[in-house]
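Take a look at the letters that make up each chain.
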Amino acid sequence: MRPSSAMTPFVLGMGSINKQTKTTMKVLKFGGTSVGSVKSILSLKQIVENEAKKQPVVIVVSALGGITDKLLATSQLALKGDEAWKEEFDAMVSRHHKMIDTIITDTKAREDLFNKVDALLEQLRSIYFGVFLIHDLSEKTQDAIVSYGERLSSLIVATLIRGAKWFDSQEFIKTVDKNGKHVLDAELTNELVVRTFTDLPRISLVPGFISRDRDSEETTNLGRGGSDYTAAIIAAALNADILEIWTDVDGFMTADPKVIKTAYTINELSYIEAMELCNFGAKVIYPPTIYPVCVKNIPIRVKNTFNPEASGTIIKNKIENNQKPIKGISSISGTTLITVTGLSMVGVIGVNRRIFTALADRGISVFLVSQASSENSTSIGVRDQDADKAVAVLNNEFAKEIETGAMFPMHAESGLATIAIVGENMKHTPGIAGKLFGTLGRSGISVIACAQGASETNISFVVDGRYLRKSLNVLHDSFFLSEYKVLNLFICGVGTVGGKLIEQIRSQYEELKEHSRLKLNVVGIASSHNAIFSRDGIDLDNYQEQLKASEPSSPEKLRDAIIRMNIFNSVFVDCTASADIAQLYQSFLERNISVIAANKIAASSKYSNYIRLKTTAMMRGVKFRFETNVGAGLPIIGTINDLCNSGDKILKIEAVLSGTLNFIFNEIAADVPFSETVRRAKEQGYSEPDPRIDLSGTDVIRKLVILTREAGYKIEQEDVEKNLFIPNGFFEGSLDSFWQKLPTLDEDFENKRQKLEQEGKRWRFVATMEGGKANVSLKAVDRNHPFYNLEGSNNIVLLTTERYKEYPMQIQGYGAGASVTAAGVFANIMSIANI
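Cut-off values and rules
Residues numbered from 1 in each chain as written. Predicted model: local features only at pLDDT ≥ 70, side-chain atom pairs only at ≥ 80, totals over all residues. Heavy atoms only, no water. Helix = DSSP H or I, 4+ residues; strand = E, 2+ residues; numbered from the N terminus. Rg over C-alpha atoms; globule rule 2.2 N^0.38 Å. Buried < 20%, exposed > 50% of the residue type's maximum accessible area, 1.4 Å probe, protein only. Contact = heavy atoms within 4.5 Å. Areas by Shrake-Rupley, 256 points an atom, 1.4 Å probe, with all protein chains shown as cover. Pairing = 2+ DSSP bridges. Patch = residues over 30% accessible without salt bridge, like charges linked within 9 Å, V, L, I, M, F, W, Y side chains within 5 Å. Salt bridge = Lys/Arg side-chain N within 4 Å of Asp/Glu carboxyl O. Axes fitted to C-alpha atoms, helices over the stretch in contact; angles between N-to-C directions. Parallel < 35°, antiparallel > 145°, perpendicular 65-115°, else oblique. Left-handed = near helix turned anticlockwise from the far one by under 90°. Nonpolar A, V, L, I, M, F, W, Y, C, P; charged D, E, K, R; others polar. Arc of directions from axis to C-beta. pLDDT = per-residue confidence, 0-100. Disulfide = S-S within 2.5 Å. Core = buried A, V, L, I, M, F, W, Y, C linked by side-chain atoms within 4.5 Å. Phe/Tyr/Trp six-rings, centres within 6.5 Å; stacked < 30°, edge-to-face > 60°. Lys NZ or Arg CZ within 6 Å of the ring centre and 35° of its normal.

Trainee: Even after reading the chapter, I still don't get the overall build of the protein, so can you show me in this structure?
Mentor: Across its full length, the protein holds 29 helices and 30 strands. Radius of gyration (C-alpha) of the protein: 37 Å, far over the 28 Å computed for a compact globule of 835 residues. Projected onto the principal axes, the alpha-carbon positions of the protein cover approximately 115 × 70 × 55 Å. Counting every position in the protein, which comprises 835 residues, the buried fraction comes to 53%. Pairs at least 24 apart in sequence give 73% of the contacts found in the protein among residues at least 6 apart. Carbon and sulfur atoms make up 48% of the accessible area of the protein, which totals about 36,500 Å².

Below is the structure:
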């Protein structure tokens, strides 16, 4: 099929149109999906009949959905001598017959329609048979074949709608041959349209797409999407009040709803904005459609045949209340970027002319151009299917320069995607480009090439095709096109803390959506043995059942699955105590996935690893947060960060950091021996699953190391001086043997407790850092000490700084427990959401 004339400006003959008397009328175009099924075509009938009650209407229809592709495919089978063309042809006959049998109830009307349709089908069969016999398919024959789709559908619709008058568009849509292309003869077409519809019927029915050559009288067409163009030509020639394009979507969307679930219908667009979105993949209307009606200032409304009550999108010259700088995001997948480069290009006039002329002569369309200011390279974007041909054409065009080394062979990079953000208000809003590239960078997405015109209505850029979905989502979210800001969470660990966190997210979900416009989308949940994932979000009401039914997982499988999802605004939340899980953080941060850790292992690991994680997060523009590593939900780390960032210096830290040990030493009494307090701490969820981690001081040492590092000092766990209260032998062997031996310590602890009680003192396991030196030990504190009245599992921290030297800053509160720890993790999540 020949290239269409679609982009030819509709300018000839405008003078005579403007003199035409204004008539109240409307042009409605219905696409293939609108006539593709019984349901849709009956909806079309109702829409047309309702509109015809208000004013005369001209109806333009496409072929039944999928028929144009079927016509082309069948012609190729016939050309190859493949007998299968008969089966494909019979299938098309059957589809049209079934449609007529179903929707045309009047016997005589159905019989008359069958006669007309069968006559056309017999003509089509003869053409196919001729192609099959001689193994030749000329452009003229191909044009004739594809015309049958609209010719058949328009007859069916004209019969279905009572009172409709059918017009043959070939009689008034005329083309001329220019360089092998069908180009619209706008002046003649305009005159013929006006003459044809001088006495406008109430309902006029026109087949779209098809036309006729002005000189040879051969059947031609306006190219793919030509039915839209047909409708626009008629609307402009007749000075219609409005052109309505009826399709299978509610209108132009802010982005592709198949990719972005939060995309929504754009109420109004300017002609320029609509054209830009169409040119970059928004397949709502055919781009050249806009030009004829734009010239006449005729608005276009895009409506949904399947949802006629929806208001749709109105496209017009001036938009009211046009506040948003970005109206929509569109994309083209399957992009190849071809770079033409060479030192001889610098300052040489005519290189770009040669590039585009050579490609145009071979029918290759270029939709993006990016050139370095040094002029030594030009990158062009073409479709993947045109890439090999384009490279060959350009290598041939510059063969002499390549041979002498003045230019390099063409470099093609395929598997890319082109994205465009569109909005006329961008030119009035500084910083859009900066925000665009910053947003992509923080999400780990590199821009390979970009282009922006001086009109500032479109910024186009090329990315790796694997990051298309992520790019669209993060940009849609960043530019407030989405109704909600979305944070995608991967939660690892469903024990006490993880389980409570999921429960808190579930209970707070609707509140955050309604009042904060925030959607916390849990897209992954992992236990110690299983994992589940859903890009659309996991149902938190039954996630445990889903986990049980899922495939076995491992830290490596978990990492690979999360990275493979490549989802935008993602956060990995570690609610485990696993060293294997902590080792995954670096991989996530490097791929711009923020990490929130209740797990202390990473932040208290080797200093070099700690610094590497923090540096990676900073360089990647994501977050590594671990507030609950110390003090559960208490704002200890955040406060130290704020003090240091504001120029203060932490001189000394004194703290009771183990809610478990504080609970134990508050519970111990004459009738509650030491071993029983340890058991209670385990049963009530204050201690680690293995309480020896708490009793050995390991947990406190980790916390002290983390605070010391956050205060700006370099320290390792081995540097902390330990003064423990349980013999080392208790930390050897199995957990069962530990529980068996533990009661042997009760008598000694009771004797010491009684003496302590007589002195009016209490035990506290205190972590101290002063000048970068750290130690942990069990201390007896008197009634005057701030630690004396510390109740239950509470934590307390005293911060002595250059500003708070005489009276240290004191932070105190619950320092252990699943609920408060989960709440602290939740607060970290919210801090990322609010950035």
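Past the structure itself, the notes keep going.
Trainee: Would you take a moment to explain the sheet that holds strand β20 (residues 518-526) for this structure?
Mentor: Across a sheet, paired strands are connected by hydrogen bonds in the backbone, their directions being either parallel or antiparallel. Reading across the sheet, the six strands line up as β21-β20-β19-β22-β23-β24 and stay open at both edges, with mixed pairing between neighbours. Every other strand in the sheet has two partners, leaving β21 (531-533) and β24 (624-625) as the edge strands with one partner each. Across eight bridges, the pairing between strand β19 (residues 485-492) and β20 is parallel. Looking at the pairing, leucine 489 lines up with valine 522 of β20.

Trainee: What is the right way to read a nonpolar patch on the surface from this model?
Mentor: On the surface, Phe129, Leu133 and Ile134 cluster together to form a nonpolar patch covering roughly 310 Å² of accessible area. Following the sequence through the fold, phenylalanine 129 ends up in helix α5 (residues 107-134).

Trainee: Help me understand the sheet that holds strand β14 (residues 368-371) in this model?
Mentor: Reading across from one edge, β14-β15-β13-β16-β18-β17 is the order of the six strands in this open sheet, with antiparallel pairing throughout. Strands with a single pairing partner mark the edges of an open sheet, and in this sheet they are β14 and β17 (449-452). The sheet shows a mean angle of 30° between the axes of neighbouring strands, direction not considered. The pairing of strand β16 (residues 411-422) with strand β18 (residues 458-464) spans seven bridges and is antiparallel. In the strand pairing of β18, alanine 420 is matched with serine 460. Contacts between helix α12 (residues 384-397) and the sheet are confined to β13 (328-341), β15 (377-383) and β16, with β13 contributing the most and set at about 25° to the helix.

Trainee: I tried to follow the pattern of salt bridges on my own but got confused; where do I start?
Mentor: Side-chain pairs of opposite charge can arise whenever the charged atoms involved come near each other. Within this structure, the stated rule accounts for 36 salt bridges. With a closest N to O distance of 3.8 Å, glutamate 654 and lysine 652 form a salt bridge. Owing to a relative accessible area of 22%, lysine 652 belongs among the partly exposed residues under this scheme. Two residues, lysine 752 and aspartate 748, come together in a salt bridge whose shortest N-O distance is 3.3 Å. You can see lysine 752 and its partner aspartate 748 sitting in helix α28 (residues 746-758), four residues apart, about one turn around the helix. Look at aspartate 748 and you get partly exposed, because its relative accessible area is 39%. Through salt bridges with shared partners, a single network forms among Lys26, Glu51, Lys54 and Glu244.

Trainee: Even after reading the chapter, I still don't get the packing of helix α16 (residues 496-516) against helix α29 (residues 818-833), so can you show me in this structure?
Mentor: Put simply, α16 and α29 touch, their axes get as near as 8 Å, and they point 55° apart. Judged on the interaxial angle alone, α29 and α16 are oblique. Between α16 and α29 the crossing geometry is right-handed. Residues Thr496, Val497, Lys500, Leu501, Gln504, Ile505, Gln508 and Leu512 of α16 form the contact with α29, whose participating residues are Ala818, Ser819, Thr821, Ala822, Ala823, Val825, Phe826, Ile829 and Met830. Residues of the contact of α16 with α29, tallied by class, amount to eleven nonpolar, five polar and one charged.

Trainee: Any chance you could explain the side chain of serine 687 here in plain terms?
Mentor: Tracing the sequence through the fold places serine 687 in the loop between α24 (674-683) and α25 (692-695). Excluding residues that lie within four positions of it along the chain, serine 687 makes contacts with Thr660, Ala681, Lys682 and Asp694.

Trainee: Honestly, helix α22 (residues 636-645) in this entry has me stumped. Any pointers?
Mentor: Owing to its 3.6 residues per turn, the α-helix brings residues three or four apart onto one side. What α22 keeps buried is the set Ile636, Ile637, Thr639, Ile640 and Leu643. Seen along its axis, α22 keeps its buried residues to an arc of 160°; they face one direction. Exposed residues pointing more than 90 degrees away from the buried face of α22 are listed as Asp642 and Asn645. One or two positions beyond α22, positive phi appears at glycine 647, with a value near 100°.

Trainee: Which parts of the structure should I look at to understand α24?
Mentor: Within α24 the residues assigned to the buried category are Phe674, Ser675, Thr677, Val678 and Ala681. Buried positions in α24, seen along its axis, are confined to an arc of 160° and lie on one side of it. On the buried face of α24, the contacting elements are α23 (659-667), α25, α27 (735-741) and α28. Just past α24, the residue glycine 685 takes up positive phi, approximately 80°.

Trainee: Would you take a moment to explain the confidence of the model for the protein for this structure?
Mentor: As a general rule, the predicted coordinates of low-pLDDT regions are not to be interpreted in detail. Per-residue confidence for the protein gives a mean pLDDT of 91, with 96% of residues at or over 70. Ranking the elements of the protein by mean pLDDT puts helix α1 (residues 14-18) last with 36 and strand β2 (residues 57-61) first with 98. Contacts for the low-pLDDT stretch residues 1-21, under 50 throughout, to residues beyond four places or in other chains number 59 contacts.

Trainee: I keep staring at unusual backbone geometry and nothing clicks. Help me out?
Mentor: Comment: phi is negative for the bulk of residues other than glycine, and the bulk of peptide bonds are trans. A positive phi angle, near 55°, is found at asparagine 239, a position not held by glycine. By relative accessible area, asparagine 239 is classed as buried at 11%. Although it is not a glycine, alanine 632 sits at a positive phi angle of roughly 55°. Tracing the backbone through its elements, the reader meets alanine 632 in the loop between β24 and α22.

Trainee: I'm lost on the state of the cysteines in this one. Help?
Mentor: Here a disulfide denotes one covalent bond, and it connects the sulfur atoms of two cysteines. In the structure shown here, the tally under the stated rule is zero disulfides. Sulfur of cysteine 278: no disulfide; nearest cysteine sulfur belongs to cysteine 294 and is 12 Å away. Given the relative accessible area of 7%, cysteine 278 is considered buried.

Trainee: Before we go on, may I ask you to explain the nonpolar core in this structure?
Mentor: The nonpolar side chains of soluble globular proteins are, as a tendency, buried together. Ranked by size, the top nonpolar core spans 101 residues in total, and within it Ile421, Leu475, Phe572, Ile653 and Phe674 carry the most contacts. Element by element, the count of residues in this core is highest for helix α26 (residues 698-710), at six residues. Isoleucine 653 has contacts with Ile640, Leu707, Ala711, Ala767, Thr768, Met769, Val797, Leu798 and Leu799, leaving out every residue within four places of it along the chain. In terms of nonpolar packing, the next biggest core, distinct from the first, is built from 51 residues, Ala186, Val193, Tyr271 and Ile285 among them.

Trainee: Any chance you could explain the environment of valine 176 here in plain terms?
Mentor: By the secondary structure assignment, valine 176 is in strand β4 (residues 174-178). The exposure class assigned to valine 176 is buried, which follows from its relative accessible area of 7%. Here valine 176 is in contact with Lys181, His182, Val183, Asp185, Asp213 and Arg214, once residues within four sequence places are set aside.

Trainee: Explain the packing of aromatic side chains here, please?
Mentor: Geometry of an aromatic ring pair is reported as the spacing of the ring centres plus the angle between the planes. Applying the stated criterion across every chain yields a total of 21 aromatic pairs. On the basis of an interplanar angle of 25° and a centroid distance of 6.4 Å, the ring pair of phenylalanine 129 and phenylalanine 132 is categorised as stacked. Separated by three residues within a single helix, phenylalanine 129 and phenylalanine 132 lie in helix α5, roughly one turn from each other. Overall, the relative accessible area of 39% leaves phenylalanine 129 in the partly exposed class. One aromatic cluster in this structure is built from Phe665, Phe674, Phe725, Phe749, Trp763 and Phe765. Just above the ring of tyrosine 148 sits the side chain of arginine 151; from NZ or CZ to the centre is 4.5 Å.

Trainee: Would you explain the environment of arginine 612 in this entry?
Mentor: Checked against the element boundaries, arginine 612 lands in helix α21 (residues 607-620). Each C-alpha atom of the pair arginine 612 and isoleucine 829 lies 22 Å from the other, and the pair is 217 residues apart in sequence. Setting aside chain neighbours within four positions, we find arginine 612 in contact with Gln586 and Glu590.

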